[in-house]
Amino acid sequence: MGRLVMKFGGTSVANIERIQNVARHVKREVDAGHEVAVVVSAMSGKTNELVAWCTEASPLHDAREYDAVVASGEQVTSGLLAIALQSLGIQARSWQGWQIPILTSDAHASARIVGIDGSEIIKRFSERKEVAVIAGFQGIHAETGRITTLGRGGSDTSAVAIAAALKADRCDIYTDVDGVYTTDPRVVPKARRLDKVSFEEMLELASLGAKVLQVRSVELGMVHNMPIFVRSSFDKPEDIDPHGTPPGTLISSEENSMENHVVTGIAFSKDEAQISVRRIEDKPGVAASIFGPLADANINVDMIVQNVSEDGKTTDLTFTVPASDFARAKQTITSAQDKIGYARFDSETDVAKVSVIGSGMRSHAGVAAQAFAALAARNINIRAITTSEIKFSVLIDAAYTELAVRTLHTLYGLDQV
Ligand code: ADP
Ligand code: ASP
Ligand code: MG
């Protein structure tokens, strides 16, 4: 007997029929003798609709009320799944974040989990054989008693955090693809499923745009050494061999077994904006005068390129920020123009960041150089580059994203044969 957390994303609970399919997946595990907690997302499209309603009600709305609204999607699916399970003869009840409770910070719309009391759920596993159906994405801030949400894609994080709190053996993430691929399989049909990925590599893939898992869920998996198995909810529950290994990707502390591959995967993100501050004075403190106020405004700066000054007097500074923060970043910098001392503010929002990830890069030289040559051969201009130990990223025009991803996927031998 084991203890499992099963998480189902939006497309997996998109309608009543799919919720009933999910219930049969849960029944399969219960019948196999496992104790099960299920974490559900809102029905697909629901959260987007709720977010849009908040914006329509007022573009600049109270984040605490935004959370009260958007947390409701998961409340619906948790109740519906509990009903579907009960109709299959399984003891089940739904839990909202505040009922468990899942305690979080008060950073509304992007709250962090600070503690989960799993004792009642564990008690019910043994005393009532009851399945816990938990609303993902949401929690409560203890001091104010207000509902919080964990940021988009946050149900993954709920699931891994709950798995850690319940001391589960594994956290299964059921989604609309049957694992983690070398890149988004919807963009590159030749992408290959990876059997195993290390936490470290998955952290890079997720933070650089592979939305199959929310970054923080991978961080938590790493911290608690909780194995995460990504698999498909669309497989028929009846077809799954309870003793076999289903198709999927195991994310764990183990190193990737594909040692002959230097590159594990390619991620991309169109949620970037490029800013260039022209002819700033080339003197100590000028970078701080730009990045200090951005940090104070809670804006994450990603890629940074600064040229060596030609005349020893002025230089240009280029960097990227999340597209959603662009307007605030622009306002922060332009309103401090006199203090910073620069001639011109330029920007480009139609850009994309393409990143190549692989722990093999530690021991292989020239991996990035190959990419630069391959992109040049396709006439794709690189606007900025960043590198770290196990990845590098290039910033390009958004229109070339797919071409660049496919080119690099082939270049590094990732295509399915
Ligand atoms: P859910 O609603 O189940 O949380 P998401 O839409 O958040 O599902 O994540 C699954 C999607 O992630 C897939 O449909 C796929 O298009 C996308 N994706 C991006 N990169 C990858 C990748 N490397 N491997 C698998 N899926 C990926
Ligand atoms: N429903 C939330 C979202 O769409 C959380 C999730 O699905 O993980 O972002
Ligand atoms: Mg998701």
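So, how was this worked out
- Each chain has its residues counted from 1, following the order in which its sequence is written.
- Ligands are numbered from 1 and chains lettered from A, in the order in which they are written.
- Local features in this predicted model are restricted to residues of pLDDT 70 or higher, and side-chain atom pairs are both shown and tallied only at a pLDDT of 80 or more, whereas totals for entire chains, interfaces and linings draw on every residue.
- To get the side-chain values, all heavy atoms of the structure are used, and hydrogens and water are removed first.
- UniProt positions are given in the numbering used here, feature names are shortened, and annotations may be inferred rather than shown by experiment.
- Throughout this document, a residue counts as near a molecule or strand when at least one of its heavy atoms sits within 4 Å of that molecule or strand.
- In protein, a polar contact requires one atom able to donate a hydrogen and another able to accept it; more generally it is a pair of N or O atoms within 3.5 Å, and residues adjacent in sequence count only if both atoms are side-chain atoms.
- Only the protein chains shown count as cover for residues, and all accessible areas are computed by the Shrake-Rupley method using a 1.4 Å probe.
- Just so you know the grouping, Ala, Val, Leu, Ile, Met, Phe, Trp, Tyr, Cys and Pro go in nonpolar, Asp, Glu, Lys and Arg go in charged, and all remaining residues, Gly too, go in polar.
- Working definition: helices are DSSP H or I runs of at least four residues, strands are E runs of at least two. Numbering for both runs from the N terminus.
- Pairing between strands is defined by DSSP: at least two bridges between the two strands are required.
- Note on geometry: axes are C-alpha line fits, over the in-contact stretch for helices, and angles between N-to-C directions span 0 to 180 degrees.
- Any helix carries an expected span of 1.5 Å times its number of residues minus one.
- Any two residues whose heavy atoms approach within 4.5 Å are treated as being in contact.
- Lining residues are defined by having an atom within 4 Å of a point belonging to a cavity or pocket. Those points lie on a 1 Å grid over the protein atoms alone, cavities being sets where a 1.4 Å probe fits but cannot get out and pockets being open sets with protein on both sides within 12 Å along at least five of seven lines.
- Grid points are joined across faces, edges and corners, and a volume is the space filled by probe spheres set on the points.
- Relative accessibility under 20% of the residue-type maximum defines a buried residue, over 50% an exposed one, and the middle range a partly exposed one, all with a 1.4 Å probe and only protein chains included.

Under an unreviewed UniProt entry, the name given to the protein is Aspartokinase, and the organism recorded is Rhodopseudomonas palustris. Per UniProt, the comment on the protein under Catalytic activity (unreviewed entry) is "L-aspartate + ATP = 4-phospho-L-aspartate + ADP". Looking at the protein in UniProt, the text filed under Sequence similarities (unreviewed entry) is "Belongs to the aspartokinase family."

Draft legend 1. Representation of the site of ligand 2. In the region of ligand 2, the neighbouring residues are Ser41, Ala42, Thr47, Glu74, Phe137, Arg152, Gly153, Gly154 and Ser155. Between ligand 2 and serine 41 there is a distance of 3.0 Å, counted from an oxygen atom to a side-chain nitrogen or oxygen. With respect to ligand 2, the side chain of arginine 152 contributes an N or O atom lying 2.7 Å from an oxygen atom. Burial of ligand 2 by the protein amounts to 86% of the accessible area it has alone, namely 260 Å². For the shell around ligand 2, the class distribution of residues is two nonpolar, five polar and two charged.

Draft legend 2. How the structure looks around the UniProt feature "domain: ACT" (unreviewed entry) in the protein. Within this numbering scheme, the UniProt entry marks residues 275-359 as carrying the feature "domain: ACT" (unreviewed entry). For residues 275-359, helix accounts for 28% and strand for 39%, while the C-alpha atoms at its two ends are 30 Å apart.

Draft legend 3. Structural detail: the sheet that holds strand β3 (residues 92-95). In spatial order, the strands read β3-β6-β2-β1-β9-β11-β12-β10; together these eight strands make up an open sheet with mixed pairing. The open sheet has two edge strands with one neighbour each: β3 and β10 (196-198). Each strand axis lies, on average, 20 degrees off the axis of its neighbour in the sheet, ignoring direction. Note that strand β1 (residues 3-8) and strand β2 (residues 35-40) share six bridges and pair parallel.

Draft legend 4. Representation of helix α2 (residues 46-57). Here α2 contains twelve residues, and its C-alpha end-to-end distance of 17 Å stays within 8% of the 16 Å for a straight helix at 1.5 Å per residue. Along its buried surface, α2 packs onto α3 (63-70) and α4 (72-87).

Draft legend 5. How the structure looks around the layout of surface pockets. In this structure, the second largest pocket occupies an estimated 290 Å³ of space. Looking at the second largest pocket, it is lined by 14 residues, and the ones nearest its centre are Glu29, Arg170, Pro242, Gly244 and Pro246. When residues of the lining of the second largest pocket are traced back to their parent elements, those giving at least two are α1 (16-31) and β11 (228-232). For the lining of the second largest pocket, the residue count by class is six nonpolar, three polar and five charged.

Draft legend 6. Expanded view of the site of ligand 1. Around ligand 1, the surrounding shell holds 16 residues, and the nearest of these are Thr175, Asp176, Tyr181, Asp184 and Arg186. Within the backbone of glycine 10, a nitrogen or oxygen atom sits 3.1 Å from an oxygen atom of ligand 1. Here an oxygen atom of ligand 1 sits 2.9 Å away from a polar atom, N or O, in the side chain of aspartate 184. Across the complex, the protein chains shield 89% of the 570 Å² of accessible surface that ligand 1 would expose by itself.

Draft legend 7. View of the pairing of strand β18 (residues 391-397). Where burial is concerned, most of β18 is hidden: six out of the seven residues are buried. Bridging between strand β16 (residues 344-357) and β18 involves seven bridges; their strand directions are antiparallel. Bridge pairing links alanine 352 to isoleucine 396 in β18. Where strand β17 (residues 384-388) and β18 come together, five bridges link them in antiparallel fashion. Residue pairing for β18: threonine 386 is matched across the bridge by serine 393.

Draft legend 8. Spotlight on the UniProt feature "binding site: ATP" (unreviewed entry) in the protein. The feature "binding site: ATP" (unreviewed entry), as given by UniProt, occupies Lys7, Phe8, Gly9, Gly10, Thr175, Asp176, Tyr181, Arg186, Lys211 and Val212 in the numbering adopted here. Along the chain, the position of arginine 186 falls in the loop between β9 (170-175) and β10. The class for arginine 186 is exposed, based on a relative accessible area of 56%. Apart from the residues within four sequence positions on either side, arginine 186 is in contact with Asp176 and Val177. A polar contact of 3.2 Å, which involves the side chain of arginine 186, links it to the side chain of aspartate 176. Tracing the backbone shows valine 212 in the loop between α7 (199-207) and α8 (215-224).

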